[in-house]
Amino acid sequence: EVYQETGVPIVFDSHHHTFNDSHLTMEEAFSAACETWQKGIKPLQHISNTEPSLQNGSFSDRRKHSDMIHYVPDIQLKALRDDTVDVEVEAKLKNLSVFDMRKRFTILA
């Protein structure tokens, strides 16, 4: 609705989607957000994870960003490997987590 009113493209956030999916699957939300970006401009996305030790914690604990990226949803990982999206990594160890994520998930771009 915000995009329809303003024309401002949507930044998909896979972590936040797990807490409020608006009745959309991860794939549906990913695609809907990507479609709001102009042709020729790679959609911007966010990625973060819950700290593994907090997976069974309270709602507030599970929303906290982890030090590193431990998991990338399949649809987002494919887009990263195909270099069709740009991501902002939201992790406490910042640049170290980017380097680790690229190596761990074989993201070359």
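For the structure, see preceding data.
All of the points below concern the structure found in this document. (Residues numbered from 1 in each chain as written. Predicted model: local features only at pLDDT ≥ 70, side-chain atom pairs only at ≥ 80, totals over all residues. Heavy atoms only, no water.)

With that settled, consider the side chain of His-46. Along the polypeptide, His-46 turns up in strand E2 (residues 44–47). Here the side chain of His-46 touches Glu-90 through a polar contact of 3.5 Å, side chain to side chain. Dropping the residues within four chain positions of it, His-46 is found in contact with Val-11, Phe-12, Asp-13, Ser-14, Gln-76, Glu-88 and Glu-90. (Helix = DSSP H or I, 4+ residues; strand = E, 2+ residues; numbered from the N terminus. Polar contact = N/O pair within 3.5 Å; in protein donor to acceptor, adjacent residues only side chain to side chain. Contact = heavy atoms within 4.5 Å.)

Further remarks concern the packing of aromatic side chains. Under the counting rule described, the total for this entry stands at two aromatic pairs. Summarising the aromatic geometry, the rings of Phe-19 and Phe-59 are spaced 5.3 Å apart at their centres and angled 90° between planes, so their arrangement reads as edge-to-face. Placement of the pair is Phe-19 in the loop between helix H2 (14–17) and helix H3 (26–34) and Phe-59 in helix H4 (residues 59–63), with a sequence separation of 40 residues. In this structure, Arg-63 packs its charged tip against the face of Phe-19, placed 5.8 Å from the ring centre. (Phe/Tyr/Trp six-rings, centres within 6.5 Å; stacked < 30°, edge-to-face > 60°. Lys NZ or Arg CZ within 6 Å of the ring centre and 35° of its normal.)

Let us look at the sheet that holds strand E3 (residues 86–89). Across the sheet, three strands lie side by side as E1-E2-E3; this open sheet has parallel pairing. The open sheet terminates on both sides in strands that have one partner only, identified here as strand E1 (12–13) and E3. Sheet analysis places E2 next to E3, joined by four bridges and oriented parallel. If you follow Ile-47 over to E3, its bridge partner there is Val-89. (Pairing = 2+ DSSP bridges.)

Here H3 has its buried residues at Met-26, Ala-29, Phe-30, Ala-33 and Cys-34. The buried side chains of H3 occupy one side of the element, clustering within an arc of 130° when seen end-on. If you follow the buried residues of H3, they end up packed against E1, H2, E2 and helix H5 (74–81). (Buried < 20%, exposed > 50% of the residue type's maximum accessible area, 1.4 Å probe, protein only. Arc of directions from axis to C-beta.)

Moving on, we get to unusual backbone geometry. The phi torsion of most residues other than glycine is negative, and most of the peptide bonds are trans. The residue His-23 is not glycine, and still its phi comes out positive at about 65°. Its identity as a non-glycine residue notwithstanding, Lys-94 has a phi of 35°, on the positive side. Examined against the element boundaries, Lys-94 turns out to sit in helix H6 (residues 94–104). With a relative accessible area of 54%, Lys-94 lands in the exposed category.

On to the nonpolar core. Ile-69, Val-72, Met-101 and Phe-105 are the most contacted members of the largest nonpolar core, which totals 17 residues. Only H3 and H5 provide two or more residues apiece to this core. With five residues, H3 is the largest single contributor of residues to this core. Among residues more than four places away in sequence, those in contact with Phe-105 are Ile-69, His-70, Tyr-71, Val-72, Leu-77 and Arg-81. (Core = buried A, V, L, I, M, F, W, Y, C linked by side-chain atoms within 4.5 Å.)

Interpretation in functional terms is not warranted from these geometric data alone.
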